[in-house]
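The chain contents come next:
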Amino acid sequence: MSPPLLVDPAWLHECLEDPALRILDATTFLTQPEGDGYYEFESGRRAYEKAHIPGAVFADLLHDLADPDAATMFTALDSETFAARIGALGVGPGTHAVVYDQGMNIWATRLWWNLRYEGFDDVSVLNGGLAAWTRAGHAVRSGVESNEPAVFTARRRPELHADKDTVLAAIDDPGIQLVNCLDRPTFTGTRRTCARPGRIPSSTNVPFPDLADSDGLLHDPDEIRGLLDEAGTLDESKKVVTYCGSGIAATTLAFQLALLGRPDVAVYDGSLTEWAADPALPLEVG
C-alpha cells in the first residue's frame, strides 16, 4: 500500500523508529522585496543544523538538488545526478521519504515533486513542517545526521514537467489549463517580480498562500475545492500546468491537486523567471 501523501506530526512521531523511514528537511528561505524586484534565496542548512526533526537529513534544494548550469534557479537536475544525490541521503528502494520544511510547505512540495518526477512515489509531505511538529510538543535535535546511502533508480516521468515550448503551445490549447500560483499583484502585473510584469496569456490564478492557513497548515482539499473549481483546475478533461516564479510554489498546487485525485499535473520548471526573460514571449497585465 502506498504511504499517505499528507501526514501530520502525530503520524510521523509514531513512525520514527521505522527502519524504512527517511526524513528530509528541504528548508530554503525566500525573501520578497516590498515593491518590485526578484526574490532572494538562502539555503536552510544552518537552520537545519540548529533544529530539526530527529533522524532528518538536510536536502539542499538551492545548491545540491538544482542544476547550477541552468539559466534559472532550482531547475531540476538530470536524472543521473539527482539519483546519485538523493541516494546519498538514503532514499531508495524499500524506503519511505517524509519531506518537510521550516517555512510555507512550498519547499517540501518541491522535493515531493522532484521525487515523483523521477518515478519515486513512496513520499509524503509533513503538513505544517517543523512548526507543526514543535507545536505538537515533539522534540527536535541539533547538528547533522546521515543515512546509509541507497541506490536510487530514476525513472523519469516527462509528463510531470513542462518547458517553455510546451507552455507556449498551451496558450491556445483549450485542452490545457495554465494556472499561475503567485500572489494577485504579481498575477495582474501591478508588482514586477521577474524581468517583465504580468502573467502568461490564458492563465487563471490560485495564489499559493490561499492553500494554507495562518499556521502554515495546508487546507483540507475539500475546503479549497471551490477555489480550484473556479480556476478550472478540477476539469478532468483538461491537462493542468502550474507555474509561479521559479517552479517552487507551483508544486504546492500540484500537490493539492494530487490529494484531489489529479496526480498528472505538470509543473513549468522555468516558470516566470524564464518566461519573462524572453521578450519574444507574450505576457498579459491587468
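Residue positions are given per chain, counting from 1 as you read along its sequence in written order. Only residues with pLDDT of 70 or above have their local features reported here, since the model is predicted, and side-chain atom pairs are shown and tallied only from 80 upward, although totals for entire chains, interfaces and linings are computed over all residues. In computing side-chain properties, one takes all heavy atoms of the structure into account and sets aside hydrogens as well as water.

### Thoughts on the sheet that holds strand β8 (residues 161–162)
Right, so step 1: Strands qualify as paired when DSSP identifies two bridges or more between them. Comment: elements are numbered from the N terminus, with helices defined as DSSP H or I runs of at least four residues and strands as E runs of at least two. As summarised here, the arrangement of the five strands in space is β8-β12-β11-β9-β10, forming an open sheet in which the pairing is parallel. Of all the strands in the sheet, the pair left with one neighbour each is β8 and β10 (204–205).
Right, so step 2: In the sheet, strand β9 (residues 176–180) pairs with strand β11 (residues 239–243) via five bridges, with the strands oriented parallel. What sits directly across from Gln 177, in β11, is Val 240.
Right, so step 3: Together, β9, β11 and β12 (266–268) form the strand contacts of helix α9 (residues 249–259), whose direction differs from that of β11 by roughly 145°. By definition, residues are in contact when any of their heavy atoms lie within 4.5 Å. Convention adopted: a line fitted to C-alpha atoms gives each axis, helices being fitted over their contacting stretch, and angles between N-to-C directions are expressed from 0 to 180 degrees.

### What to know about the pairing of strand β6 (residues 96–100)
Right, so step 1: Per-residue accessibility, obtained with a 1.4 Å probe over protein chains only, is compared with the maximum for each type, and a residue is labelled buried under 20%, exposed over 50%, and partly exposed between these values. Taking burial as the measure, the five residues of β6 include five buried ones, the bulk of the element.
Right, so step 2: With burial as the criterion, each face of β6 is covered, one bearing His 96, Val 98 and Tyr 100 and the other bearing Ala 97 and Val 99.
Right, so step 3: When strand β2 (residues 21–25) meets β6, the two strands line up parallel, connected through five bridges. Bridge pairing in β6 places Leu 24 opposite Val 99.
Right, so step 4: Here β6 runs beside strand β7 (residues 123–126); their pairing, made up of three bridges, is parallel. The partner of Ala 97 across the bridge, within β7, is Val 123.
Right, so step 5: Seen with the strands pointing away from the viewer, any crossover whose path from the first strand over the helix to the second strand runs clockwise is right-handed. Each parallel crossover has a hand, and the one from β6 via helix α4 (residues 106–117) to β7 is right-handed.

### With respect to α4
Right, so step 1: The terminal C-alpha atoms of α4, which comprises twelve residues, lie 16 Å apart, in line with the 16 Å expected from a rise of 1.5 Å per residue.
Right, so step 2: Judged by how many residues are buried, α4 sits mostly within the fold: twelve of twelve residues are covered.
Right, so step 3: When we look at burial in α4, the residues that qualify are Ile 106, Trp 107, Ala 108, Thr 109, Arg 110, Leu 111, Trp 112, Trp 113, Asn 114, Leu 115, Arg 116 and Tyr 117.
Right, so step 4: In the stretch just after α4, Gly 119 is the one whose phi turns positive, near 90°. The span you would expect from a helix comes to 1.5 Å times its residue count less one.

### Topic: the side chain of Thr 109
Right, so step 1: Looking at the secondary structure, you find Thr 109 in helix α4.
Right, so step 2: In protein, a polar contact requires one atom able to donate a hydrogen and another able to accept it; more generally it is a pair of N or O atoms within 3.5 Å, and residues adjacent in sequence count only if both atoms are side-chain atoms. A polar atom in the side chain of Thr 109 sits 2.9 Å from the side chain of Thr 252.

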